[in-house]
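# Structural overview
Below, each chain spelled out in residue letters.
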Amino acid sequence: MRIKPIHRFTDEEQHELGECGYSSNAKYKVTKIENEERTTIDIQLVELEAPYHKEYTDSEDDLELYSKIAPMGYSLGAYIGTRLIGVVIAEEIKWNNTVLIWHFQVSEDYRRMHVGKQLMDELVRLAEGNGIRAINLETQNTNVNAIRFYRKCGFEIEGIDLSYYTNDDVVDGEVAIFMKRKIGQIGQAFK
């Protein structure tokens, strides 16, 4: 396997990677308690009565955005021969000296084979070499495997948005989790 910069990301390449989605037997339950003196937001890992499944397809707008971001220098592909088996689409955010991951995916046939870890390690090396201070991403409280993977890569939860997707995110059970990997630091709580 080799990892190299990508300068474009097409519908065909997304199709080659396969469907986007995940399944989970647990989620991070998010609760909020607020009064005049204090606001507390708590996340707690809980087992689900039935597995949570999510499948989605990137929209045309998403793919158009990825094709614009890919040539900016922080997008990488993992290849076996000429076959794309994993991708990270990321862009530099200059005003706060970070890199934002828009899309991270490994083909289902190659998951749990360290492809994602190698992609992330290469992105960290690239960002560090360019003086970037941190890498940011967003995932969902229902995507426990992704959160565990990102933690193993040195990311920590740094934010929660209770209405990022809809006004009923907490009620519907899918809440946005924002994670950050500070360059030069590994997450302390989940090494």
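Residues numbered from 1 in each chain as written. Predicted model: local features only at pLDDT ≥ 70, side-chain atom pairs only at ≥ 80, totals over all residues. Heavy atoms only, no water.

For the protein chain, an unreviewed UniProt entry supplies the name GNAT family N-acetyltransferase and the organism Paenibacillus ihbetae.

## Quick notes on helix 2 (residues 60-69)
The line we're drawing: Here's how the labels work: a residue is buried when its accessible area is under 20% of the maximum for its type, exposed when over 50%, partly exposed in between, all with a 1.4 Å probe on protein chains only. In DSSP terms, a helix is any run of H or I states spanning at least four residues, a strand is any run of E spanning at least two, and both are numbered starting from the N terminus. Directions from the helix axis toward the C-beta atoms define the arc. In what follows, a contact means two residues having at least one pair of non-hydrogen atoms within 4.5 Å.
Along helix 2, the positions that sit buried rather than exposed are L63, Y66 and I69. The arc that holds the buried residues of helix 2, viewed along the axis, is 125°, so those residues lie on one side. Pointing more than 90 degrees away from the buried face of helix 2 are the exposed residues E60, D61 and K68. Contact partners of the buried residues in helix 2: helix 1 (11-17), strand 5 (83-93) and strand 6 (98-106).

## Side note on helix 3 (residues 115-129)
Cut-off, in case you're wondering: Helices are assigned an expected span. That span is 1.5 Å times one less than the residue count.
Counted at 1.5 Å a residue, the expected span for helix 3 with its 15 residues is 21 Å, and the 21 Å between its end C-alpha atoms agrees. Restricting attention to buried positions, one finds in helix 3 the residues V115, G116, L119, M120, L123, V124 and A127. One or two steps after helix 3, the chain reaches G131, where phi turns positive at roughly 75°.

## A look at the UniProt feature "domain: N-acetyltransferase" (unreviewed entry) in the protein chain
As a reminder, the rule being used: UniProt positions are given in the numbering used here, feature names are shortened, and annotations may be inferred rather than shown by experiment.
The sites that UniProt annotates as "domain: N-acetyltransferase" (unreviewed entry) are residues 31-184. Between the C-alpha atoms that bound residues 31-184 the distance is 32 Å, and the span itself is 25% helix and 44% strand.

## With respect to the nonpolar core
Quick note on the threshold: We call a set of buried Ala, Val, Leu, Ile, Met, Phe, Trp, Tyr and Cys residues a nonpolar core when their side-chain atoms join them within 4.5 Å.
Ranked by internal contacts, the top residues of the largest apolar core, which has 31 residues, are I101, L123, I135 and F155. Elements that contribute at least two residues to this core include exactly strand 2 (20-34), strand 4 (76-80), strand 5, strand 6, helix 3, strand 7 (134-140), helix 4 (144-152) and strand 9 (176-182). Among the elements that take part in this core, helix 3 stands out by supplying six residues, more than any other.

## What about the sheet that holds strand 5?
Note the cut-off: DSSP bridges decide pairing: two strands pair if at least two such bridges lie between them. Every axis in this analysis is a line fitted to C-alpha atoms, fitted for helices over the stretch in contact. Angles between the N-to-C directions lie between 0 and 180 degrees.
Ordered by their spatial adjacency, seven strands build an open sheet running 1-4-5-6-7-9-8, and the pairing between neighbours is mixed. Of all the strands in the sheet, the pair left with one neighbour each is strand 1 (2-5) and strand 8 (156-161). Neighbour to neighbour, the strand axes of the sheet diverge by 25° on average, direction disregarded. Where strand 7 lies against strand 9, seven bridges are found, and the strand directions are antiparallel. Looking at strand 9, one finds that E138 is bridged to F178. Set on the sheet, helix 3 makes contact with strand 1, strand 4, strand 5, strand 6, strand 7 and strand 9; between it and strand 6 the angle comes to about 160°.

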